[in-house]
Amino acid sequence: MDAPATGWTEDGTGRSADAILIHRTLTEISPVADQTTSYFYALLFVRHPELRELFPVAMDVQRDRLLRAILTAADRLDDPRALAEYLGELGRGHRKYGTRPVHYPAVGEALMGALSRYATTTWDGATEAAWVRAYTAISQIMIDAAAEDEQRSPAWWHAEIVSHDLRTRDIAVLTLRPGQAYPFLAGQYTAVETPWWPRNWRHYSFASAPRPDGLLTFHIKAVPAGWVSNALVHRARPGDILRLGPPTGSMTVDHSTHNGLLCLGGGTGIAPIKALVEDVAEHGDRRPVEVFYGARSDHDLYDIDTMMRLQRTYPWLAVRPVVSTGPGTGGGLMRGLLPEAVRECGPWPEYEAYLSGPPGMIRSGVDVLRGIGMPAERIRHDFFDGLAATGPA
Ligand SMILES: NC(=O)C1=CN([C@@H]2O[C@H](COP(=O)(O)OP(=O)(O)OC[C@H]3O[C@@H](n4cnc5c(N)ncnc54)[C@H](O)[C@@H]3O)[C@@H](O)[C@H]2O)C=CC1
């Protein structure tokens, strides 16, 4: 996939002229992001009512995903590799919503309408031209990626729940049997849609490496106001059919090195970490793997038995539970937040870091690791609703 090629003149700062104009617009709309988003969707649905059915009935929770994804991409114009990767995932991920190439101009038109209305000070002919070039390039990369993907993969997969294990009051472990082969890598995640909330897709990591029987596992925590997660934890039963989007995410094991793995799994963020451990075991690498498993209290360490079983099985694996609140129970339990525990046990030369959990944990974990000298290229993580987010709503 090619990077955008037009409007490309460097200024003294190393940024292209288009990127500077686009960044200026983004800075101006930042304090009025909510209004810009509302206006964008209003324009889109008033002018193109046929597009409304691609989005969930209620759009409050993830209302701004599509616009946020476009703006994120536009702000990365000068990083063609990251842009192509991000937009490729986005284009492939949009197939499950029924997005067609013909829909892209409608979105572009609403985008220009919303930006020109809210970036009143900086909007002019040159800025509009820069946005048109950027959006044309963005949509073309997405359209091409979707078309290429269509040749080899379904837009989505049906999967039947074959077991539902309620581990705590609000956490369930689900095992699914996909209707057809579902290729993915340990450490990746996917989007899940339930029959109860059509077109509401939520992201969950695979909690196991690919298995010979083809089954998939997910750890779901019912979060307040989380319709999909509450349905999956409290309503779903074996026999129910879900839909899955394509696998995505870059927190996969680099098997080209013998470095150790330093893994931080916060809450249900332990799910992909468990998959990574299984992946290392299957490759027979015997690289040291240090897992820090964080939860609010020892009661919330819902998968500790599995992790301890893995530790007993593999001599190269060490699992350290870390609880942030509530009484500790001794017995090797560390107290505090995960990133602090990792710092205390550092400095971790010869390790690659894998972080999975709440965004605050990932941010502070990256800060701690960078602070103790770990180079950025040895730190891997995904943000479910940040750069890696896919979906129109
Ligand atoms: N691939 C990924 O990155 C995955 C991410 N998740 C995300 O993980 C989250 C799990 O939520 P919960 O189970 O409620 O976790 P939680 O809120 O109970 O946090 C778990 C642990 O993370 C650490 N932590 C949390 N916030 C922190 C902060 N601001 N700074 C430093 N450390 C912090 C603490 O040690 C805490 O005990 C969800 O947001 C879910 O979307 C879940 C699965 C996979």
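See the structure printed just above.
Residues numbered from 1 in each chain as written. Predicted model: local features only at pLDDT ≥ 70, side-chain atom pairs only at ≥ 80, totals over all residues. Heavy atoms only, no water.

Chemist: Teacher, can you tell me more about helix 7 (residues 227-235) here?
Modeler: The periodicity of an α-helix, 3.6 residues per turn, causes residues three or four positions apart to be oriented the same way. Buried residues of helix 7: V228, S229, A231, L232 and V233, and no others. Buried residues along helix 7 sit in contact with strand 1 (157-166), strand 2 (171-178), strand 3 (189-193), strand 4 (201-205), strand 5 (216-221) and strand 6 (241-244). (Buried < 20%, exposed > 50% of the residue type's maximum accessible area, 1.4 Å probe, protein only. Helix = DSSP H or I, 4+ residues; strand = E, 2+ residues; numbered from the N terminus. Contact = heavy atoms within 4.5 Å.)

Chemist: What is the right way to read unusual backbone geometry from this model?
Modeler: Backbone torsion omega between G346 and P347 reads 15°, so that peptide bond is classified as cis. By the secondary structure assignment, P347 is in the loop between helix 10 (338-344) and strand 11 (351-356). Although it is not a glycine, R199 sits at a positive phi angle of roughly 65°. Structurally, R199 can be placed in the loop between strand 3 and strand 4. What makes R199 partly exposed here is its relative accessible area of 28%. With phi around 65°, E350 is a residue other than glycine that occupies positive phi space.

Chemist: How do you make sense of empty space enclosed by the protein when you look at a structure like this?
Modeler: Empty space among the atoms becomes apparent when a probe as large as a water molecule is rolled across them. Enumeration according to the criterion identifies two cavities of 30 Å³ or more in this entry. Taken as a whole, the largest cavity holds about 170 Å³ of empty space. Taken together, 16 residues make up the lining of the largest cavity; nearest its centre are L66, H94, T99, Y104 and V107. Elements with a minimum of two residues in the lining of the largest cavity: helix 3 (65-74), helix 5 (103-118) and helix 6 (125-150). Residue contributions to the lining of the largest cavity peak at four residues, all from helix 6. In terms of residue class, the lining of the largest cavity is made up of 12 nonpolar, four polar and no charged. (1 Å grid on protein atoms, 1.4 Å probe; cavity = no way out; pocket = protein on both sides within 12 Å on 5 of 7 lines; lining within 4 Å. Points joined across faces, edges and corners; volume = space filled by probe spheres on them. Nonpolar A, V, L, I, M, F, W, Y, C, P; charged D, E, K, R; others polar.)

Chemist: Is there a simple way to explain the environment of E89 in this structure?
Modeler: For E89, the position within the fold is in helix 4 (residues 80-93). You can call E89 partly exposed: its relative accessible area is 25%.

Chemist: Is there a simple way to explain the site of the ligand in this structure?
Modeler: What surrounds the ligand is a group of 23 residues, the closest being K221, R296, S324, L338 and G357. S356 is positioned such that a nitrogen or oxygen atom in its side chain is 3.5 Å from a nitrogen atom of the ligand. A distance of 3.4 Å separates an oxygen atom of the ligand from a polar atom in the backbone of G357. For the ligand, the protein covers 79% of the area, taking 870 Å² as the surface of the free molecule. The leading source of residues in the shell around the ligand is helix 11 (residues 359-371), at four residues. Grouping the constituent residues of the shell around the ligand by class yields nine nonpolar, 11 polar and three charged. (Near = heavy atom within 4 Å. Polar contact = N/O pair within 3.5 Å; in protein donor to acceptor, adjacent residues only side chain to side chain. Areas by Shrake-Rupley, 256 points an atom, 1.4 Å probe, with all protein chains shown as cover.)

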